[in-house]
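# Survey of secondary and tertiary structure
What follows is each chain in one-letter form.
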Amino acid sequence: MADFEMKEGAQNDIDNEFFGVAAPDDAKNTIKRLWKSVNDQHKRLGIVLVSVVFYTFLSVVAPLYSAYIVDLMWGKIKEAFANDMLFSITWVDGGSDIFFLLLIYLLTGFFYFLQSFLMASFAENLSFRLRNEISSKLNRLPLSYFDRNKPGAILSRMTNDLDKMSEAFQTGILKLFTTLGMIIGSLVMMFRFNILLTVVFLLFMAISLLVTRAVSAKTLKSALKRQECVSEVTAMVEENFSGRMIIKAFNQEENSSRRMHKATEDLAEASQKADFMINAINPGIRFINRLGQIAIAVLGGNMLLNGTMSIGVFQAFFQYVNQSAEPLTELAFMVNSMQSSLASLERVYSLLDEEEISSGPVSPETIERAEGYVDFSHVRFGYTPEKTLMQDVSFSAKPGEKIAIVGSTGAGKTTLINLLMRFYELNSGQILLDGKDIQTLTHANLRKNFGMVLQDTWLFEGTIAENIAYGKPDATREEIVAAAKAARVDFFVHTMPHGYDTVLSNDGENLSIGQRQLLTIARVFLCNPAVLILDEATSSVDTRTEIEIGKAMGKLMKKRTSFVIAHRLSTIVDADLILLMQNGNIIEQGSHSTLLQAGGAYAELYNSQFA
Amino acid sequence: MKLILKFIKPYRKLMVFVLLVMVLDVAGGLLIPTITADIINYGIGGGSLDYILRQGLFMIAVSLLTSFGALAGSYLSASLSAKLGRDIRNALYDKSLTFSSSDMEKFGTGSMITRTLNDVNVVQQSVIMVIQMILPVPVVCVMGIVMAFHIDLMMGWILSGVTLAILIMALCVIKKAAPLFRRLQRFLDRMNIVIRENITGVRVIRAFNKEPFEEKRMSGVFGNYREVSVKVNRLFAGLESTALLVINLIIVGILYVGGNRTGAGFMKIGDIIALSEYAILIMFYLIMAQMVMVMLPRALVCIGRIQEVLDLEPEIKDGGATVPMIAGGTDVIRFENVSFCFSDADENTLSELSFICKRGQTTAIIGSTGSGKSTIAKLILRFHDVSQGSIKLNDMDIGNMKQSQLREHISYVPQKAWLFSGTIAHNLEFGNKDASGEEMQHILSVAQSEFVTELPDGLTAHVAQGGTNFSGGQKQRLSIARALMKKADLYVFDDSFSALDFKTDAALRKALKKQTRDSAVLIIAQRISTIMNADQIIVLENGRIAGMGTHQSLMKQCPVYQDIAKSQMKGEEVRG
């Protein structure tokens, strides 16, 4: 399931792109922060800016100069022809001018290369820096942040948002500046050459802008329709792949194939329309632009005829038209993409601005290895300020004791553990480890003393051995195998293709939940912590293996305090202290026999499981 | 590549049309500057306004034709790519239906989804790009050069030379870029995985104090990605700059040679403009083609991944039995010395199993996690094939049957209760598509799913994908109901009672007994209480049978069974 969540996140991102142009809430502030984020690259930006100015200037000047050359040559050619002679270029007759034009172009090329080469690493450096900032930020965020936000959304900040930003900034900033310079420069030149032709040009540009806008509304609609069909097919593929065993077991292959073909057919129709709309806009615009050019050519040709325009100017004018027509139609698009990348950046900054966990006490106490006294005293806690879950929880555990926490789903069992590990901060009250308030310890020191196995197993892409040795990277293979044997994973590891060197990918999807739980137990065995916490660590493991593990654990954890959350009461009857929780509070506590004798809620629960 | 050709084959005619309209588009693009040059030549040569206007009209006609070509090209290529995408997706999906579990595991569900959706998408886009950006290249080059030759022989040669030079340069860049892009993709995937792991594993990371380690690990991955990205960007920066420079150099060159040739009377001055435009057009198409080519390796990877799926020979093939099966015998399923080993694994998952599931009887399988219990169910359904020995359904080897024929006789409740999106009735119809409302109600009551009648929409109540809008116990009961809808010789319950409380479990088994009177029942379970009353219990340990018999006999003879029982019962109450 976790896998789909990520796709959902990515999907949402695509949707956003389609459903409207994202705009930053506070562009000014974002740009200011951006400026700070690139403070190590200011010099580079300065050089780029200078280069852009030169490049733009030269690009505007070059056609002017070539117009001059053409006129010059044409004049000489006409003169030569009039005298019945042939003309050829020499250094004096046009050669030096052409050479000079060559120099202009070489310089243009140089500046273009300089700026795009410098910018090639600009955005990636920025992304790299922000990614690292986020990654260290993630370690300082309170866990409540991760409860509130889907993994896909956070992932999207670090990948899609930053990739979009870097794509837009890498080429976008340059293009935006040079385009603007080019358009302005070209228009100035064109107005200088001929006002009438320039007005004609602008007229056609205006038409094509209007057409673009009208068509893009339609394009958006067909893109939306396609997106719907994509979602439909995506959902169907995900569902059918997940449920394929059932499809096969019930002989539903034909049926499901038919439904899939229908969905892909709908998608094909929708995407044909959408693709056509998107692709068709270019030829459409080009047609309008061409009509403009034809009008200019006819009018200009007439002027040539009258002698009111020189051939060089005519040619230069065309070059300016070429230089500014496409940038003008692209300008709106560029501004949009800049805006949406600023919006992406803003999301990244807002993640970096999230409230952090306290950095810990100024002069922390340290516990090298806890003896195992754990005390909760009048602990009050709620995940959100409005709703207090835990009113007043108190209990004490002595070294070597096994504390069992039982109760129905949502009773607050895991919350108790979360507080002990200091994943969340208390509203009031105290938790003591060996008599020291855990607030006086650093997070790292506190957690060093605990070994925890969670209900929801976490494995990373790496070998089985690496996964087991996560808490003790310098463990030898013998130690790893010993831990694996204790956790009863040795047998099935041998049934895997490369034994302990089998790489687990896709979140260990080739393992059953029970097997994954056993692996995470082996991980904790290897660490040999002072206090052990098992949060439904064996919920998907069968009872017999559970007991075997329990035995191994008992040997390993002798004289160590342990906390066990369990569904099956059979595994905890031997606990020294049982805490029965309900609605966040401990309603009964004591040993199995005393609680059973008391005949309260625990006794009832116990009897219901073994009736 | 073969893949694309195979899928494009049905649309050959469409392809030809696309190419034709493309030629129209390109030809128009080259004609416009030619006419412009003509206007100039006449304009300065003292022609008439009439002529210029005529040429203007001619240009409009050409533009119309060109735009028509371009539009038709867009339409046809959109159509082609849409059809291609549809066909490949259908082929992939239909292929996946023939896969066994281990076939599917070769790719992984996540990857199969990616292949069916994203990879096909990349292929589609690439096909459009190839059609629009690469196919016109030879047309542009040839036509441009021909027209240059038409203007002036020498200019023709120059343009041919330049085109050839750029072509060679482009090929070099592509060769260099291809491996770079493959690496970029790899690092991108890796980055996604590592970030994801850090988000989902935040508790574990903090519990183990691994924050600094993870930060370093991530930074390493980010660094790799940056390094390759910058390389790619620089390559593109170099490519663009060179392209720009070359265009400008050509313009200068044409100016110089054009001036001389005009001066020598071989061509007219206006032709300089036409030639420059030809050169720019050729360059433009070549550069665009180059950009597309650079992206193509990624598409090739996707094509390869699709091909992999389509080429995989399904592990499990239909048998070609001609003899009809005689149903109704007492031995519904017989295991004869069955062993099973995953390919590449050192040890057997199941070894030398022999047992019989009889009609009217309940057989139960109990054992530790990883003892191979669920694999037995999968073997019966032929989601895997046995490595040794044979399984017989109604005295016929299941390997000799069609898979659909085998599964017709078996109804199955999987370990993970999975419901399909739609309605409850829609899910129940899986078992029997012609079932009436009463039948459904009856089965629901057998499966202890009366809660359905209390829902506002009853049988037509909405089910979310996977059944996530129902609790674990409700999902299990509904998936049991779905299986009971089907009349079968054998009902297989793979750990299907685990989420039920003891009372419901007991009630359900009682109702079940009546419902499945004429069939064999196989229950795989972890709870002794669930299987205590079975006619036959098989105890599985490390893939071998550690004991077989009734609860009473096993409690006496089988130490493994005793262990399991002890672990689940209050010690003093274990009944012998």
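Residues numbered from 1 in each chain as written. Chains lettered and ligands numbered in written order. Predicted model: local features only at pLDDT ≥ 70, side-chain atom pairs only at ≥ 80, totals over all residues.

## Observations concerning the overall build of chain A
The helix and strand tally for chain A stands at 19 helices and 12 strands. Taken over C-alpha atoms, the radius of gyration comes to 36 Å for chain A, far larger than the 25 Å a tight globule of 611 residues would show. Structurally, chain A occupies a C-alpha span of about 125 × 65 × 50 Å along its principal axes. Counting only contacts in chain A whose residues sit at least 6 apart along the sequence, the fraction spanning at least 24 positions is 80%. (Helix = DSSP H or I, 4+ residues; strand = E, 2+ residues; numbered from the N terminus. Rg over C-alpha atoms; globule rule 2.2 N^0.38 Å. Contact = placed C-beta atoms within 7 Å.)

## Regarding the overall build of chain B
Helix and strand counts for chain B come out as 20 helices and 12 strands. The C-alpha radius of gyration computed for chain B amounts to 36 Å, which surpasses the reference 25 Å derived for 576 residues by more than 25%, pointing to a less compact arrangement than a globule. On the principal axes, the C-alpha backbone points of chain B span a range of 120 × 60 × 50 Å. Of all 576 residues assigned to chain B, the portion counted as buried reaches 46%. Taking as baseline every contact in chain B between residues at least 6 positions apart, the subset at least 24 positions apart corresponds to 77%. (Buried ≥ 20, exposed ≤ 12 C-beta atoms within 10 Å, placed from the backbone.)

## Here's the deal with helix H14 (residues 437-446) of chain B
Residues and elements named next belong to chain B. For H14, the complete set of buried residues consists of Met440, Ile443 and Leu444. One side of H14 holds all its buried residues, which, seen down the axis, span an arc of 105°. Against helix H13 (424-428), helix H15 (451-454) and helix H16 (472-484) lie the buried residues of H14. Count one or two residues on from H14 and you reach Gln448, which has phi positive near 55°. (Arc of directions from axis to C-beta.)

## Examining the interface of chain B and chain A
Across the boundary between the two partners, chain B contributes 120 residues, which contact 124 residues of chain A. Counting only elements with at least two residues in the side of chain B that touches chain A, the list comes to helix H2 (12-44), helix H3 (49-96), helix H5 (109-134), helix H7 (153-200), helix H8 (202-207), helix H9 (211-263), helix H12 (403-408) and helix H20 (559-568) of chain B. It is H9 of chain B that provides the largest number of residues to the side of chain B that touches chain A, a total of 25 residues.

## Quick word on the domain arrangement of chain B
What the domain assignment reports for chain B is domain 1 (2-311), domain 2 (329-409 + 490-502 + 519-567) and domain 3 (415-487). If you average the C-alpha positions of domain 1 of chain B and of domain 3 of chain B, the two centres end up 52 Å apart. (Domains from an automatic or database assignment.)

## As for the sheet that holds strand E6 (residues 450-453) of chain A
Residue and element names in this part refer to chain A. The sheet built from 6 strands is open, its strands ordered E6-E9-E10-E3-E11-E12 with mixed pairing. Both outer strands of the open sheet, E6 and strand E12 (585-590), are each paired with one neighbouring strand and no more. Here the average twist between neighbouring strands, direction ignored, is 15°. Pairing geometry for strand E3 (residues 402-406) and strand E11 (residues 577-582), over 4 bridges, is parallel. By the bridge assignment for E11, Ala404 is matched with Ile578. (Pairing = 2+ DSSP bridges. Axes fitted to C-alpha atoms, helices over the stretch in contact; angles between N-to-C directions.)

## Concerning the pairing of E3 of chain A
All names here are of chain A. Most of E3 sits out of view: 5 of its 5 residues are buried. Residues Lys402, Ala404 and Val406 line one face of E3 and the alternating positions Ile403 and Ile405 line the opposite face, and both faces are buried. Note that E3 and strand E10 (residues 561-565) share 4 bridges and pair parallel. By the bridge assignment, Ala404 is partnered in E10 with Val564.

## A word on helix H10 (residues 271-311) of chain B
Compared with an ideal rise of 1.5 Å per residue, which puts 41 residues at 60 Å, H10 of chain B spans 56 Å between its outermost C-alpha atoms and is within 8% of the ideal. If you look at H10 of chain B, its biggest bend is around 35°, right at Met295 of chain B, and the proline Pro297 of chain B turns up within four residues after that. (Expected span 1.5 Å × (residues − 1). Bend = angle between axes of the 7 residues up to and from the residue.)

## Structural notes on the environment of Gln476 of chain B
Among the secondary structure elements, Gln476 of chain B is positioned in helix H16. Those residues in contact with Gln476 of chain B that lie beyond four places of it in its chain are Ala417, Ser496, Ala499 and Leu500 of chain B.

## Quick look at unusual backbone geometry
Even without glycine at this site, Asn251 of chain A takes up a positive phi of about 55°. Position of Asn251 of chain A relative to the elements: it lies in the loop between helix H8 (244-249) and helix H9 (253-306). The class of Asn251 of chain A is partly exposed, set by 17 C-beta atoms lying within 10 Å. Unlike most non-glycine residues, Arg382 of chain B shows phi in positive territory, near 60°.

## A short note on the domain arrangement of chain A
Domain annotation for chain A reports domain 1 (30-193 + 345-353), domain 2 (195-308) and domain 3 (374-610). Here domain 1 of chain A and domain 3 of chain A have C-alpha centroids that lie 57 Å from each other.

## What to know about the sheet that holds strand E4 (residues 428-433) of chain A
Residues and elements named next belong to chain A. Strand order in the open sheet formed by 4 strands is E2-E1-E4-E5, with antiparallel pairing between adjacent strands. Of all strands in the sheet, those with a lone pairing partner are strand E2 (390-397) and strand E5 (436-437), marking the two edges. Where E4 meets E5, 2 bridges bridge the pair, whose relative direction is antiparallel. Looking at the pairing, Leu433 lines up with Lys436 of E5. Across the sheet, helix H11 (residues 413-420) is in contact with strand E1 (374-381), E2 and E4; its angle to E1 comes to roughly 110°.

## Side note on the nonpolar core
Membership of the largest hydrophobic core comes to 169 residues, with the highest contact counts inside it found for Phe317 of chain A together with Leu275, Tyr278 and Leu286 of chain B. The element best represented in this core is H10 of chain B, accounting for 20 residues. Residues contacting Leu286 of chain B, with those up to four places away along its chain left out, are Val137, Ile166, Leu167 and Ala170 of chain B. (Core = buried A, V, L, I, M, F, W, Y, C linked by C-beta atoms within 7 Å.)

## Some words on the packing of helix H4 (residues 95-138) of chain A against helix H10 (residues 311-352) of chain A
All names here are of chain A. Closest axis-to-axis distance for the H4/H10 pair is 10 Å, and the angle between their directions is 35°. Two packed elements cross with a definite hand, and for H4 against H10 that hand is left-handed. Facing H4, whose interface residues are Leu130, Glu133, Ile134 and Lys137, H10 presents Val348, Leu351 and Leu352. Residues belonging to the contact of H4 with H10 are distributed by class as follows: 5 nonpolar, no polar and 2 charged. (Left-handed = near helix turned anticlockwise from the far one by under 90°. Nonpolar A, V, L, I, M, F, W, Y, C, P; charged D, E, K, R; others polar.)

## Re the pairing of strand E6 (residues 410-413) of chain B
Within a regular strand, side chains alternate between the sheet's two faces. Residue and element names in this part refer to chain B. Here E6 shows no split at all, with Ile410 and Tyr412 on one side and Ser411 and Val413 on the other all buried. Relative to strand E9 (residues 490-494), E6 is paired through 4 bridges, and the arrangement is parallel. The residue of E9 that forms the bridge with Ser411 is Tyr491.

## Brief notes about the packing of helix H7 (residues 195-242) of chain A against H9 of chain A
Running from N to C, H7 of chain A and H9 of chain A point in directions that differ by 170°, and their axes come no closer than 9 Å. In terms of axis orientation, H7 of chain A runs roughly antiparallel to H9 of chain A. (Parallel < 35°, antiparallel > 145°, perpendicular 65-115°, else oblique.)

## A short note on the confidence of the model for chain A
Low-pLDDT stretches of the model should not have their predicted coordinates read in fine detail. For chain A, per-residue confidence averages 84 on the pLDDT scale, and 94% of positions sit at 70 or higher. Low pLDDT, under 50, characterises residues 1-20 of chain A; the stretch is placed with 30 contacts to residues that sit more than four places away or in other chains. (pLDDT = per-residue confidence, 0-100.)

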